[in-house]
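Letter by letter, the chains look like this.
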Amino acid sequence: MAARAQKRARPSLAARVARDYRLLALVLQGGGALGAYQAGVYEGLEAEGLAPHWVAGISIGALNAAIIAGNPPGRRVQRLREFWETVCRSPLWPSPPSLPWLDGIDWPTAVRTGLSGVAAWRALTEGQAGFFTPRVPSPLLQPHGAPDTASWYDTAPLRATLERLADFERINDARAMRVSVGAVNVRSGNFVYFDNTRERLRPEHFMASGALPPGFPAVEIDGEFYWDGGLVSNTPLYRVLTEQAHRNALVFQVDLWPARGELPRDMGSVAERAKEIQFSSRTRLVTEYMHRCHRQQRLLHDLMALVPAARRGDPAYRRAEHEASGALTNLVHLIYRDQPYEGHYKDYEFSEASMRQHWKSGLADMRHTLAHHEWLALPTREHPFVTHDVHRT
């Protein structure tokens, strides 16, 4: 009975979102192997019939964005699973047979920590199939190499994986879905967004967004070289919120690094906490800044309504009209929470067991989030910018 009731509720939830919001955006942060959490989040989103109009990503978020945008609805989850099952295999040794029932065993934390550490060591020494392989000869033996070979690993396998699992004709159809991925120009140090509304996106645009040095090489695009956008900003939230200023928007932001954390008590936890602070990219600061901007835009919008019609041709009014906005924004945060067995190497620990755990966690968080139907309600004029986070409820 409950299952039938939930099934009947799904179309109404999607219909209400479509009625209230002109934009549904999915914002995907970087975080390496933790990115399987984003795949689980997307599975939960699609199960409710909520299809994003815009997907924006950085680093691993950009790779997930390519798979989502490069496939039709109904096939995206399958392709995401193929992508993660591909990149979570060792290129040298065959993976053990998949035994999903093992995931239900409550392994001692020490055992899981040990297995996780071995998987991270294998990634460093062997690479990951369909993603990256150790560079031979070592870059230390190439003191005067090229920008696209100055790295510990070669990401050529990633291009073949993207071309196999994503349709780039579909990715470049901005009418179906807008796609934005961030990277940084190595020469100028400037952060840039590659966007299918302004240029034709190719595999190298997504590879550039995930080219984190010194592990991965800079990627050449039209004569310039680019590195991972996470070096400057690990979240495309600001991009989405500033460009949608005049449309009611529902934004799902999927973060892989929490801003809050425990005080570290050993060197391993120091390294882990440093990464969390570095790559959380001050999400809360950006959110608070955009909250303030939206309140000011809404106040200006309401004040302009008081201006007599005879004065609305004034140049100052026209300038203010460009800055004002009556749009309402609902920002829903989903933030990955660490497992007890994970260490500072969790972003390059690509074991299949951890991948499934990350995926399951993302799916559970999205289901819990969508269970709060009231969270998806359109904000009010008095509170034009609202945020929700299932972990802070």
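On a predicted model such as this, the values are computed, not experimentally measured, just so you know.

Look at the UniProt record and you will see "short sequence motif: GXGXXG" (unreviewed entry) annotated at residues 30–35. Taken end to end, residues 30–35 is 0% helix and 0% strand, and its two terminal C-alpha atoms sit 7 Å from one another.

Before going further, it helps to spend a moment on the nonpolar core. By size, the foremost hydrophobic cluster in this structure holds 69 residues, and its most contacted members are Trp84, Leu162, Phe206 and Phe252. Broken down by element, the residue count for this core peaks at eight residues, all from helix 3 (residues 60–69). Ignoring any residue separated from it by four or fewer positions in sequence, one finds Phe206 in contact with Ala62, Leu63, Ala66, Leu162, Phe168, Ile171, Val179, Val181 and Leu201. Judged by nonpolar contacts, the second largest core, of 13 residues, contains Leu237, Ala249, Val251 and Met290.

Considering all chains together, one arrives at 14 aromatic pairs under this definition. One aromatic cluster in this structure is built from Phe131, Phe132, Tyr153, Phe216 and Phe350. Arg81 extends its terminal NZ or CZ atom over the ring of Trp359, reaching a point 4.1 Å from the ring centre. Note that Arg178 overlies the ring of Trp54, its terminal NZ or CZ placed 4.0 Å from the centroid.

For the rest of this paragraph, the subject is helix 5 (residues 109–126). In this model helix 5 runs 25 Å from its N-terminal to its C-terminal C-alpha over 18 residues, within 8% of the 26 Å that 1.5 Å per residue would give. Listed as buried for helix 5 are Arg112, Ser116, Ala119, Ala120, Ala123 and Glu126. Angular distribution of buried residues about the axis of helix 5 spans 155°; they occupy a single face of the element. Summarising the geometry of helix 5, the exposed residues directed more than 90 degrees from the buried face are Ala110 and Trp121. The elements touched by buried residues of helix 5 are strand 3 (133–134), strand 4 (153–154) and helix 13 (352–370). Note on helix 5: the residue one or two positions beyond its end, Gly127, has a positive phi of about 85°.

Definitions and limits used
- Residues numbered from 1 in each chain as written.
- Predicted model: local features only at pLDDT ≥ 70, side-chain atom pairs only at ≥ 80, totals over all residues.
- Heavy atoms only, no water.
- UniProt positions renumbered as here; feature names shortened; annotations may be inferred.
- Helix = DSSP H or I, 4+ residues; strand = E, 2+ residues; numbered from the N terminus.
- Core = buried A, V, L, I, M, F, W, Y, C linked by side-chain atoms within 4.5 Å.
- Buried < 20%, exposed > 50% of the residue type's maximum accessible area, 1.4 Å probe, protein only.
- Contact = heavy atoms within 4.5 Å.
- Phe/Tyr/Trp six-rings, centres within 6.5 Å; stacked < 30°, edge-to-face > 60°.
- Lys NZ or Arg CZ within 6 Å of the ring centre and 35° of its normal.
- Expected span 1.5 Å × (residues − 1).
- Arc of directions from axis to C-beta.

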